[in-house]
Amino acid sequence: MTEQTVIAPGGGRKFVGKYRIDGILGEGAMGMVYAGQDPDIDRPVAIKTIHQHLINASGSQDWLDRFAREARAAGRVLHPNLVTIFEFLQQDGVPYIVMERVRSVTLEDRRADADPLPLEEVHAIMAQILSGLAGIHAAGIVHRDLKPANVMLTDDGTVKLTDFGIARMTSMEATGAGMIGTPAYMAPEQLTGNEVDARADIYASGVLLYEVLTGRKPYKGGGVEALFDAVRNGQITRPSEIIPTLPITLDEIVLKAMSIDPDKRFADAIEMRDALVAVLPTADRTGLIDIVPSLRTTARSEGSISSSMIDRMGSKTLLKLEKYLTSSIGPMGKIIVRQAAERATSPEEMIETVLQEFPDTNERQELKIAIQRALAEAPMSASALSPSGLSQDTLQQLTDLLKPYLGPIAKILVSKQARTATSSEDIAHKVAEHISDPHERQEFMSTVKRALH
């Protein structure tokens, strides 16, 4: 968005139509996403626009016209698993989409540690992705750019798809700007520039499913041409060959969704969803899993804050838990306990991580009581300090203060800044930059000063 494409009345405040621009939420290959405010009902919104060089590109008018038609069509689709589009408008020849602003993290954030997700969580996420796709497909819209970055996970466990309103533009038709989109998730017919339909989204769903099951993409490295050849070849390693504990039935679902021939894929998103429901475990709460606890581990990586349970538990406690699980299920018990202890940042999260490996309700309850008893008998060691010298209590307090403004991504931001920050005030100032509303930003900083001094 350039200055000439934005109305800037007195005081330098920027507007698109009636919507006030407060800051930048993100930037992609196609354009910018701004944080805005609807003055009529005092509602926060997100405003997506297109880079000026794409608008000026040769031959862009045709796909801009189609963009307008599809954006308006997308605005008529109301579905709990889709980001709601409020308005499409044009200003000085530049198109804008005004949409629901969601406090969330993306699926890309969720799987940043590259570990496969628990099957219950895979179920919860994929079922909602496919339901959202069914909604846009029923309206005649093909997403064309389904990928983890376009899957939003809200703090109440709801999954919402975004960027389907500019689906047509993310295809290879934008020849004036080169290939736009994400080749790793494109169906063969899309990679070769042929006409696509809803089955291209089924293919992308298969790639996404492969990724969350195995922690990696089905085709790796070599550039776009190598990817073309690999996709045309259709030879991929089955998920169960990477993760032996995965059922063979999941292999068949992934391979069917990723078939080179569109006619051999699932007929629609609901058929694929029903196939997954038949083989994936569900959580106890109405068949969906609460995604929020799992989000607590998304920021963990080499060199990050040392706050895991394996750092806080005594060696005797860990050994006791290992022996209990080993006596129950064999050598895998030791591995399960250690992995849970390395990933979890609280006793509750560790217990939940271990229990995910046990589908039997009675066995889960017995195991839960045993772990709780072991942890209670051996108090945690003192909290480790972060590289910045701040205690985990201080970092958690900062996270709790930031969460009302940014949702579950607050923990990720605080954790990242703690690696290099010199004080709690330094962290607060850096994370406050992500609060787009200036009044909320000031309110956050005032709250931090009162709480930490």
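Residues numbered from 1 in each chain as written. Predicted model: local features only at pLDDT ≥ 70, side-chain atom pairs only at ≥ 80, totals over all residues. Heavy atoms only, no water.

**With respect to the environment of valine 196**
The residue valine 196 is located in the loop between α5 (188-191) and α6 (198-214) in this model. Exposure remark for valine 196: the relative accessible area of 10% places this residue in the buried category. Taking the C-alpha atoms as reference points, valine 196 and arginine 144, 52 residues apart in sequence, are found 8.4 Å from one another. Setting aside chain neighbours within four positions, we find valine 196 in contact with Val142, Arg144, Glu189 and Gln190. (Helix = DSSP H or I, 4+ residues; strand = E, 2+ residues; numbered from the N terminus. Buried < 20%, exposed > 50% of the residue type's maximum accessible area, 1.4 Å probe, protein only. Contact = heavy atoms within 4.5 Å.)

**Focus: the side chain of glutamine 37**
Its place among the elements puts glutamine 37 in strand β3 (residues 32-38). With relative accessibility at 9%, the residue glutamine 37 sits in the buried group. There is a polar contact of 2.9 Å between the side chain of glutamine 37 and the side chain of aspartate 42. For glutamine 37, the contacting residues outside a window of four places in its chain are Lys18, Tyr19, Arg20, Asp22, Asp42, Arg43, Pro44, Val45 and Arg101. (Polar contact = N/O pair within 3.5 Å; in protein donor to acceptor, adjacent residues only side chain to side chain.)

**Focus on the packing of aromatic side chains**
For the structure shown, the criterion picks out zero aromatic pairs. The ring centre of phenylalanine 86 lies 3.7 Å from the NZ or CZ of arginine 43, which sits over that ring. (Phe/Tyr/Trp six-rings, centres within 6.5 Å; stacked < 30°, edge-to-face > 60°. Lys NZ or Arg CZ within 6 Å of the ring centre and 35° of its normal.)

**Remarks on the UniProt feature "binding site: ATP" (unreviewed entry) in the chain**
Here, the residues flagged by UniProt with the feature "binding site: ATP" (unreviewed entry) are Lys48. Its place among the elements puts lysine 48 in strand β4 (residues 43-49). (UniProt positions renumbered as here; feature names shortened; annotations may be inferred.)

**Concerning the sheet that holds strand β8 (residues 151-154)**
Strand order in the open sheet made by the three strands is β7-β8-β9, with antiparallel pairing throughout. Two strands close off the open sheet at either side, each with one partner strand: β7 (104-106) and β9 (159-161). Strand-to-strand twist of the sheet, defined as the mean angle between neighbouring strand axes without regard to direction, takes the value 35°. In this sheet, β9 lies alongside β8 in antiparallel orientation, the contact comprising three bridges. Bridge pairing in β9 links valine 151 to leucine 161. (Pairing = 2+ DSSP bridges. Axes fitted to C-alpha atoms, helices over the stretch in contact; angles between N-to-C directions.)

**Quick look at the packing of α6 against helix α10 (residues 269-279)**
Interhelical geometry of α6 versus α10 gives an angle of 25° and a closest axis separation of 10 Å. With respect to α10, the element α6 is oriented roughly parallel. Between α6 and α10 the crossing geometry is right-handed. Mapping the contact onto sequence places Ile202, Ser205, Gly206 and Leu209 in α6 and Ala269, Met272 and Leu276 in α10. (Parallel < 35°, antiparallel > 145°, perpendicular 65-115°, else oblique. Left-handed = near helix turned anticlockwise from the far one by under 90°.)

**Examining the nonpolar core**
Ile129, Val151 and Leu209 are the most contacted members of the largest nonpolar core, which totals 82 residues. Per-element tally for this core: the top contributor is α6, with 10 residues. Residue contacts for valine 151: discarding those within four places in its chain leaves Val105, Thr106, Leu107, Ile129, Leu146, Val159, Lys160, Leu161 and Leu208. Among the nonpolar cores identified, the runner-up in size contains 19 residues, and Leu402, Val414, Ala418 and Ala421 belong to it. (Core = buried A, V, L, I, M, F, W, Y, C linked by side-chain atoms within 4.5 Å.)

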